[in-house]
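Each chain, written out:
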Amino acid sequence: MLDTATDLRSLLSDPTLLATKAYVAGEWIDADDGATFEVRNPARGDVICTVPDLGRAETARAIEAADRARRDWAAMTGKERAAILRKWYDLMVENADDLARILTAEMGKPFAEARGEILYGASFVEWFSEEAKRIYGETIPGHQRDKRITVIKQPIGVAASITPWNFPNAMIARKVAPALAVGCGFVARPAAETPLSALAMAVLAERAGVPAGVFSVVTSSRASDIGKEFCENPIVRKLTFTGSTEVGRILLRQAADQIKKCSMELGGNAPFIVFDDADLDAAVEGAMISKYRNNGQTCVCANRIYVQAGVYDAFAEKLARAVERLKVGDGLEDGVTTGPLINEDAVKKVEEHIADALAGGAEIVTGGKRHELGGTFFQPTVLKGVTHDMKVASEETFGPVAPLFRFETEEEVIAKANDTIFGLASYFYARDIGRITRVQEALEYGMVGVNTGLISTEVAPFGGVKQSGLGREGSRHGVEDYLEMKYICLSV
Ligand SMILES: NC(=O)C1=CN([C@@H]2O[C@H](COP(=O)(O)OP(=O)(O)OC[C@H]3O[C@@H](n4cnc5c(N)ncnc54)[C@H](OP(=O)(O)O)[C@@H]3O)[C@@H](O)[C@H]2O)C=CC1
Ligand SMILES: O=C(O)[C@H](O)CS(=O)(=O)O
């Protein structure tokens, strides 16, 4: 049971990782007006601590500091920046348990998942510490005898991030690591629900030797104000956002006035397709990780599960049995696999989707109600008889609900899977190589998992098409969003 910062600090090997001030221009600060906001533990609803509630003035100072600091940072060699990023990575891994406890306390995911997120976030810092040394340009044969053409890549300048509560470490790491690797300055604004993980990252960045001002963390409950500062301050040359498509639209509109370079990792509505030639046990295992990871609160979760008619009932039965083995509880308790939902609104959305499906004729196979633990705990749920006109088919549930849709043919399910404004992740299980080839090419998504329900890794380009976003994060492609390409034509 956690109910104060003291309680949480008592769980940490290094209590100094629980920072409760904002990190701006290399200083740990309060808000100019002394305002603060509460950070709550979603498992109990108790207040862990308060953090400063910064506004646009403090944010502008962070941006200006990043602009000053980035010049010497960019003047370092890639190898010198790489060494500091590698040290940051090493410190994240050394402190993974403490970072995970802080993450579980503020976000609710079980400790094992939180520790997995810490290592996942750290993997981006490791990956881009290596990429820092490989920001290559090119030479191009001249178009005239007296012309010499070169292309160089330079850091875009100051980048700013806005990130969600569901992966409060990894979503920042996936952005700040490439930005720092190429020599940018960076200002992060974490979700109000989960600022502590970002602040702990700043503690370790400082220890790793990231120069003052290069990386700041602005804590604020006023998301819209901070977003406007990022969009309207001309020093910010790059905005990188992870969150809902709705908010992504707002930010893109605001950034348009200055033609600001934007990366958008937005909402999803992932289809998970089980064909009749699938290995059903493997498909159930994949559905469990894809659907119930982070209690269904990920943008790449299976949101619609399509099962071919011949295996529909068998799959439903197997999945329900696996779901019933999940253990719901406080993420800091041993053996817990499923924590609370982030807040009451999240619970209400899950209840709305279930009620709408039942009203349309769907049935509950297991779960379907708030958990006996109360608060924002919810029973992991499987629904049968779900149809395309129900809300779960077009809206992201963002919770532990697996709606099972029955289909007959490959053509039918491809059409239904693609019938959405989203295009982030998709998954299918089959064994016929012809079917695998046809389906992986036909799905209109940025990412496709074939016979796997877990595709997230730092080595591959993460991102969506259609209204799931712009750009890619991770992989060798991940640095491009923080670079400007310059063409130089030399007349000799
Ligand atoms: N594609 C991807 O990788 C991911 C996509 N998502 C999507 O995000 C949604 C769930 O996450 P959720 O956090 O609720 O998403 P939101 O889009 O509501 O919030 C994301 C972030 O944006 C901030 N924000 C909200 N409104 C504004 C605004 N007007 N201007 C500037 N910032 C704003 C939030 O602040 P605050 O929370 O303090 O209000 C939060 O930090 C789902 O749709 C999910 O699919 C989530 C994670 C990853
Ligand atoms: O925020 C999310 O949902 C993450 O992008 C999902 S993942 O990268 O952890 O798969």
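Here is what the cut-offs are and how they apply
- Residues numbered from 1 in each chain as written.
- Chains lettered and ligands numbered in written order.
- Predicted model: local features only at pLDDT ≥ 70, side-chain atom pairs only at ≥ 80, totals over all residues.
- Heavy atoms only, no water.
- Helix = DSSP H or I, 4+ residues; strand = E, 2+ residues; numbered from the N terminus.
- Rg over C-alpha atoms; globule rule 2.2 N^0.38 Å.
- Buried < 20%, exposed > 50% of the residue type's maximum accessible area, 1.4 Å probe, protein only.
- Contact = heavy atoms within 4.5 Å.
- Areas by Shrake-Rupley, 256 points an atom, 1.4 Å probe, with all protein chains shown as cover.
- Near = heavy atom within 4 Å.
- Polar contact = N/O pair within 3.5 Å; in protein donor to acceptor, adjacent residues only side chain to side chain.
- 1 Å grid on protein atoms, 1.4 Å probe; cavity = no way out; pocket = protein on both sides within 12 Å on 5 of 7 lines; lining within 4 Å.
- Sits in = over half its atoms within 2 Å of the grid points.
- Nonpolar A, V, L, I, M, F, W, Y, C, P; charged D, E, K, R; others polar.
- Domains from an automatic or database assignment.
- Points joined across faces, edges and corners; volume = space filled by probe spheres on them.
- Buried area = accessible area lost by both parts, 1.4 Å probe.
- Pairing = 2+ DSSP bridges.
- Axes fitted to C-alpha atoms, helices over the stretch in contact; angles between N-to-C directions.
- Parallel < 35°, antiparallel > 145°, perpendicular 65-115°, else oblique.
- Left-handed = near helix turned anticlockwise from the far one by under 90°.
- UniProt positions renumbered as here; feature names shortened; annotations may be inferred.
- Core = buried A, V, L, I, M, F, W, Y, C linked by side-chain atoms within 4.5 Å.

### What to know about the overall build of the protein chain
Consideration 1: A count of helical and extended segments in the protein chain gives 15 helices and 20 strands.
Consideration 2: In terms of C-alpha radius of gyration, the protein chain reaches 23 Å, essentially the compact-globule figure of 23 Å for 492 residues.
Consideration 3: C-alpha extents for the protein chain along the principal axes are approximately 70 × 65 × 40 Å.
Consideration 4: Taking all 492 residues of the protein chain together, the buried fraction comes to 58%.
Consideration 5: Considering only intrachain contacts with a sequence separation of at least 6, the fraction spanning at least 24 residues in the protein chain is 73%.
Consideration 6: Of the accessible surface of the protein chain, which amounts to about 18,700 Å², a share of 51% is contributed by carbon and sulfur atoms.

### A word on the site of ligand 1
Consideration 1: Close to ligand 1 lie 28 residues; Thr163, Arg189, Ser244, Leu266 and Glu396 are nearest.
Consideration 2: Arg174 is positioned with one of its side-chain polar atoms (N or O) 3.4 Å from an oxygen atom of ligand 1.
Consideration 3: In the environment of ligand 1, a nitrogen atom lies 2.4 Å from a nitrogen or oxygen atom belonging to the backbone of Leu266.
Consideration 4: About the coverage of ligand 1: the protein hides 84% of its 890 Å² of free accessible area.
Consideration 5: The cavity where ligand 1 resides is the largest pocket.
Consideration 6: With three residues, helix H8 (residues 223-232) is the largest single contributor of residues to the shell around ligand 1.
Consideration 7: Looking at side-chain class alone, the shell around ligand 1 contains 14 nonpolar, nine polar and five charged residues.
Consideration 8: The residues that make up the shell around ligand 1 include at least three from each of domain 1 (8-266 + 468-488) and domain 2 (270-450).

### Notes on empty space enclosed by the protein
Consideration 1: Counted by the stated rule, this structure contains one cavity of 30 Å³ or more.
Consideration 2: In this model, the largest cavity occupies a volume close to 40 Å³.
Consideration 3: Around the largest cavity sit Gly268, Asn269, Lys291, Gly296, Thr298, Cys299, Cys301, Ala302, Asn303, Glu396, Thr397 and Phe398, which together line it.
Consideration 4: Residue classes in the lining of the largest cavity are distributed as four nonpolar, six polar and two charged.

### Details of the domain arrangement of the protein chain
Consideration 1: Here the protein chain is partitioned into domain 1 (8-266 + 468-488) and domain 2 (270-450).
Consideration 2: Of note, the centres of domain 1 and domain 2, computed from C-alpha atoms alone, are 31 Å apart.
Consideration 3: Contact residues are listed per partner, giving 23 residues for domain 1 and 26 residues for domain 2.
Consideration 4: For the domain 1 and domain 2 pair, buried surface summed over both sides reaches about 1,900 Å², with 59% attributable to carbon and sulfur atoms.

### What to know about the sheet that holds strand S20 (residues 483-491)
Consideration 1: The antiparallel open sheet is built from three strands, whose spatial order is S5-S6-S20. Of all the strands in the sheet, the pair left with one neighbour each is strand S5 (138-140) and S20. Neighbour to neighbour, the strand axes of the sheet diverge by 25 degrees on average, direction disregarded.
Consideration 2: As paired strands, S5 and strand S6 (residues 147-155) are joined by three bridges and run antiparallel to one another. In the strand pairing of S6, Glu138 is matched with Val151.

### Focus: the packing of helix H4 (residues 96-107) against helix H5 (residues 111-131)
Consideration 1: Running from N to C, H4 and H5 cross one another at 120 degrees; their axes reach a closest spacing of 8 Å. The angle between H4 and H5 places the two elements in the oblique class. In the packing of H4 onto H5, the handedness of the crossing is right-handed. Each of Ala96, Asp97, Leu99, Ala100, Arg101, Leu103 and Thr104 in H4 lies in contact with H5, whose residues at this interface are Phe111, Ala114, Arg115, Glu117, Ile118 and Leu119.
Consideration 2: Considered class by class, the residues forming the contact of H4 with H5 number eight nonpolar, one polar and four charged.

### Focus on the UniProt feature "active site" (unreviewed entry) in the protein chain
Consideration 1: Taking the numbering used here, the UniProt-annotated feature "active site" (unreviewed entry) corresponds to Glu265.
Consideration 2: By the element assignment, Glu265 lies in strand S11 (residues 261-265).
Consideration 3: Residue classification places Glu265 among the buried residues on the basis of a relative accessible area of 3%.

### Some words on the nonpolar core
A general feature of soluble globular proteins is that nonpolar side chains tend to end up buried together.
Consideration 1: Core analysis: the largest hydrophobic core is formed by 103 residues, its most contacted members being Trp88, Leu180, Phe186, Phe215 and Ile273.
Consideration 2: Domain assignment of the residues forming this core places at least three in each of domain 1 (8-266 + 468-488) and domain 2 (270-450).
Consideration 3: Discounting chain neighbours no more than four positions away, the residues touching Phe215 are Tyr23, Trp88, Val176, Leu180, Phe186, Ala188, Met201, Ala202, Ala205 and Val210.
Consideration 4: Counting residues in hydrophobic clusters, the runner-up holds 32 residues, among them Leu280, Val323, Ala402 and Leu424.

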